[in-house]
There are 2 protein chains.
Amino acid sequence: MSVSKAKAPDLTAPSSTVPADERRQLSNFLCFAVYSANLAFGRAYKPILDKLGLTYTQYIALVALSEGDDLTVGALGEKLFLESNTLTPILKKLETTGYLQRRRDPADERQVRVSLLPAGRKLLDKIPAASVVDATGLGEDFPEVQKSVTKLRDNLLRATQGRSGRASADDDRKSGT
Amino acid sequence: MSVSKAKAPDLTAPSSTVPADERRQLSNFLCFAVYSANLAFGRAYKPILDKLGLTYTQYIALVALSEGDDLTVGALGEKLFLESNTLTPILKKLETTGYLQRRRDPADERQVRVSLLPAGRKLLDKIPAASVVDATGLGEDFPEVQKSVTKLRDNLLRATQGRSGRASADDDRKSGT
DNA sequence: TGCGATTTAATCGTATGCGATCTATATAGG
DNA sequence: CCTATATAGATCGCATACGATTAAATCGCA
C-alpha cells in the first residue's frame, strides 16, 4: 500500500468538506463501473453464446486454448485468472461436449493437459464477436479503454500480491496489439 | 492517457490478413479485460470486506442504499443492474445482520421498501476504500477510466435493449409511479 | 362491479468464483 | 529405499447472477 499519489481523485476518498454519505456514490466507484460493465458484457454475449450452447466462461476458456494449446489446468488458470476449483468443472463439461480433451500428463501424472479439439476450433469461428464490439459504442477509443482496463487489472493483482493467483510477473507480456 | 490511438485492432476485426486464430487473443478482448479486472477488484476488496463480514455485493448494495434510502427492491435493482432474484437473498441476509430493514409498502403490498439502518451506515464509514483506490495505480487517470468504463456499460446495455433491466436513461418514469 | 392482464418479489434450477480441504503424484533427505 | 514435504487437480460448501416460473397484489376496462 503505497503512498497515495499526488491526487487521489474521487471515488472514495477525497478529503473534502462534504459528508461521507455524499462522497460515497456508486457513480464514483470505479469498482462498480467495472462490476456493472462486466454484467453488461455478459448480457450482450448471452444471446450469441446461447445459440451455441456456451456460457461466457466456457467461451473465454476456449479462446484461451485457441491461442496456446495443450496447457495444464494451472497454466490455463493463469491466463484466465481462475483457479482449478473453478476451471475443473468447466473443462469437464467442455470435454463431454467434445470441444476439448483432458489428459493426464504421462511425464507428471499430477498435471492435466488440456487441448482444443477440431470441434472447438470450428465453434470459435462461428462466434460473431464483432456485433458485441459494435455494441460497446467506443469506436476508435476501443483500444485505449482496453489498455486502461488491462493495466488497472494488472495493478490491482500486483497490489494484492497474487493472493489467490500467483499469476505474477511474466505472464504479462504486454498485450502488444 | 492519450496513447496510441491508431486504429481499432479490436478483437474481432474481420478484415485482416492474419488468420482468425491469431486475431482472437484474450489480450484483444475488451470483455476479458473487464471480466478479469472485475475478478481483480473482488480480490482487492476481499481482505477488507472479510474483516467486516461483508461480501462485495452486499457492500455495493449498502452503498447504493446510503445514497437513496427507502428504495423498492426494483429501484435498488436498477441502480445495481441486478434483478430481484439476485437481490432478495442478499437483502434478507443484510436484514438478519441488522444493517437494513425490509418492509412491505402499505400503499402497495407488492413492493418491498428497503432502508439502511444506523448499523449499516456505521459499517460503511469503517470501510477504507482508499486503499483500493490506491491499488488501482491509476493516479490521475482514475476519473477518466471510470468514465470510459461507465460509458461502455451504458452503451452495452442500450445496445442490448435492456434485456433484463430497463434502467435506461430516465428512471424517473419508473420511480415516478 | 368483476375478472383477466400486469406488476413486483420471491422461489427454483443452473453455472460460475473461490476458500478450505482432500487425493494422488512427485521430489528431497537421510 | 522410505518417508516428509510439496505440488496439481479435484471436491465441497457458500455466495452470487440469471432465466423461468410462481404467488400475491393492483390495474384495466367492459
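Residues numbered from 1 in each chain as written. Chains lettered and ligands numbered in written order. Predicted model: local features only at pLDDT ≥ 70, side-chain atom pairs only at ≥ 80, totals over all residues. Heavy atoms only, no water.

S.K.: Explanation requested: the sheet that holds strand β1 (residues 71-72) of chain A in the structure shown.
M.R.: Adjacent strands of a sheet pair through backbone hydrogen bonds, lying either parallel or antiparallel. Residue and element names in this part refer to chain A. Spatial ordering of the open sheet is given by β1-β3-β2, a layout of 3 strands whose pairing is antiparallel. The open sheet terminates on both sides in strands that have one partner only, identified here as β1 and β2 (100-105). Bridge analysis of β1 against strand β3 (residues 108-116) gives 2 bridges, and the strand direction is antiparallel. Along β3, the bridge assignment pairs Leu-71 with Val-114. (Pairing = 2+ DSSP bridges. Helix = DSSP H or I, 4+ residues; strand = E, 2+ residues; numbered from the N terminus.)

S.K.: Which parts of the structure should I look at to understand the environment of Asp-69 of chain A?
M.R.: All names here are of chain A. Note on placement: Asp-69 falls in the loop between α3 (56-66) and β1. The class of Asp-69 is partly exposed, set by a relative accessible area of 32%. Placed 48 residues apart in sequence, Asp-69 and Leu-117 show a C-alpha to C-alpha distance of 9.7 Å. In this structure, Asp-69 is in contact with Val-114, Ser-115, Leu-116 and Arg-121, ignoring residues within four places of it in sequence. There is a polar contact of 2.9 Å between the side chain of Asp-69 and the backbone nitrogen of Leu-116. Among the polar contacts made by the side chain of Asp-69, one reaches the side chain of Arg-121 at a distance of 3.2 Å. (Buried < 20%, exposed > 50% of the residue type's maximum accessible area, 1.4 Å probe, protein only. Contact = heavy atoms within 4.5 Å. Polar contact = N/O pair within 3.5 Å; in protein donor to acceptor, adjacent residues only side chain to side chain.)

S.K.: Would you take a moment to explain the side chain of Arg-153 of chain A for this structure?
M.R.: You can see Arg-153 of chain A is positioned in helix α8 (residues 142-159). A relative accessible area of 7% means that Arg-153 of chain A is categorised as buried. Those residues in contact with Arg-153 of chain A, other than ones at most four positions away along the chain, are Phe-81 of chain A together with Phe-32, Ser-36, Ala-37 and Ala-40 of chain B.

S.K.: Please clarify how the relation of the copies chain A and chain B should be interpreted in this entry.
M.R.: The second copy of the chain is related to the first by a rotation about an axis and a shift along the axis. Note on the copies: chain A fits chain B at an RMSD of 0.0 Å, the axial shift is 0.0 Å, and the rotation between them is 180 degrees. On the angle and the small slide along the axis, the relation comes out as a two-fold axis. No C-alpha of chain A lies nearer the rotation axis than that of Val-34 of chain A, which sits 3.1 Å from it. (Least-squares fit on C-alpha atoms with pLDDT ≥ 70 in both.)

S.K.: Honestly, the pairing of β2 of chain A in this entry has me stumped. Any pointers?
M.R.: Two faces make up the sheet, and in a regular strand the side chains alternate between them. Residues and elements named next belong to chain A. As judged from the 6 bridges shared by β2 and β3, these two strands associate in the antiparallel manner. Along β3, the bridge assignment pairs Asp-105 with Asp-108. Remark: 2 residues form the turn of the hairpin made by β2 and β3, two consecutive strands paired antiparallel.

S.K.: Just to check I follow, could you spell out helix α2 (residues 30-52) of chain A for this structure?
M.R.: Along an α-helix, residues three or four apart share an orientation, since each turn contains 3.6 residues. Residues and elements named next belong to chain A. With 23 residues, α2 extends 33 Å from end C-alpha to end C-alpha; this agrees with the ideal 33 Å at 1.5 Å per step. Lys-46 marks the point of greatest bend in α2, at about 45 degrees, and the proline Pro-47 comes within the next four residues. Burial runs high along α2: 17 of the 23 residues are buried. Backbone geometry just after α2 places Gly-53 at a positive phi near 70 degrees. (Expected span 1.5 Å × (residues − 1). Bend = angle between axes of the 7 residues up to and from the residue.)

S.K.: Just checking my understanding: could you explain the protein's contact with DNA strand D for this structure?
M.R.: If you check the shell around DNA strand D, you find 30 residues, and the closest are Tyr-35, Arg-43, Thr-88 and Arg-102 of chain A together with Thr-55 of chain B. Within 4 Å of the protein, the contacting atoms of DNA strand D are drawn from sugar and phosphate to the extent of 73%. Between Thr-88 of chain A and DNA strand D, the recorded distance is 2.4 Å, taken from a side-chain N or O atom to a phosphate oxygen. Looking at the surface near DNA strand D, the elements that each hand over two or more residues are α2, α4 (73-80), α5 (84-96), β2 and β3 of chain A together with α3 (56-66), α5 (84-96) and β3 (108-116) of chain B. Of the residues that constitute the surface near DNA strand D, the class distribution is 8 nonpolar, 12 polar and 10 charged. (Near = heavy atom within 4 Å. Nonpolar A, V, L, I, M, F, W, Y, C, P; charged D, E, K, R; others polar.)

S.K.: Please clarify how the sheet that holds strand β2 (residues 100-105) of chain B should be interpreted in this entry.
M.R.: The strand order β1-β3-β2 (chain B) describes an open sheet built from 3 strands, whose pairing is antiparallel. The sheet terminates laterally at β1 (71-72) and β2 of chain B, the two strands that pair on one side only.

S.K.: Would you mind going over the protein's contact with DNA strand C with me for this structure?
M.R.: For DNA strand C, the set of nearby residues contains 30 residues, the closest of which are Thr-55 of chain A together with Tyr-35, Arg-43, Thr-88 and Arg-102 of chain B. Across the atoms of DNA strand C situated within 4 Å of the protein, the share located in sugar and phosphate is 73%. The side chain of Gln-58 of chain A places a nitrogen or oxygen atom 3.2 Å from a phosphate oxygen of DNA strand C. Contacts to DNA strand C include Val-73 of chain B, whose backbone N or O atom sits 3.2 Å from a phosphate oxygen. If you list the elements that add at least two residues to the surface near DNA strand C, you get α3, α5 and β3 of chain A together with α2 (30-52), α4 (73-80), α5, β2 and β3 of chain B. Residue classes in the surface near DNA strand C are distributed as 7 nonpolar, 12 polar and 11 charged.

S.K.: Explain the packing of α8 of chain A against α2 of chain B to me, please; I cannot follow it from the model alone.
M.R.: The geometry of a pair of packed helices is captured by two quantities: the angle between their axes and the separation between those axes. Viewed as axis vectors pointing N to C, α8 of chain A and α2 of chain B meet at an angle of 25 degrees, and their least axial separation amounts to 8 Å. One way to sum up the angle between α8 of chain A and α2 of chain B is to call them roughly parallel. The handedness of the crossing between α8 of chain A and α2 of chain B is left-handed. Contact residues: Phe-142, Val-145, Gln-146, Val-149, Thr-150, Leu-152, Arg-153, Leu-156 and Leu-157 of chain A in α8 of chain A; Leu-30, Phe-32, Ala-33, Val-34, Ser-36, Ala-37, Ala-40, Phe-41, Arg-43 and Ala-44 of chain B in α2 of chain B. Taken together, the residues of the contact of α8 of chain A with α2 of chain B sort by class into 14 nonpolar, 3 polar and 2 charged. (Axes fitted to C-alpha atoms, helices over the stretch in contact; angles between N-to-C directions. Parallel < 35°, antiparallel > 145°, perpendicular 65-115°, else oblique. Left-handed = near helix turned anticlockwise from the far one by under 90°.)

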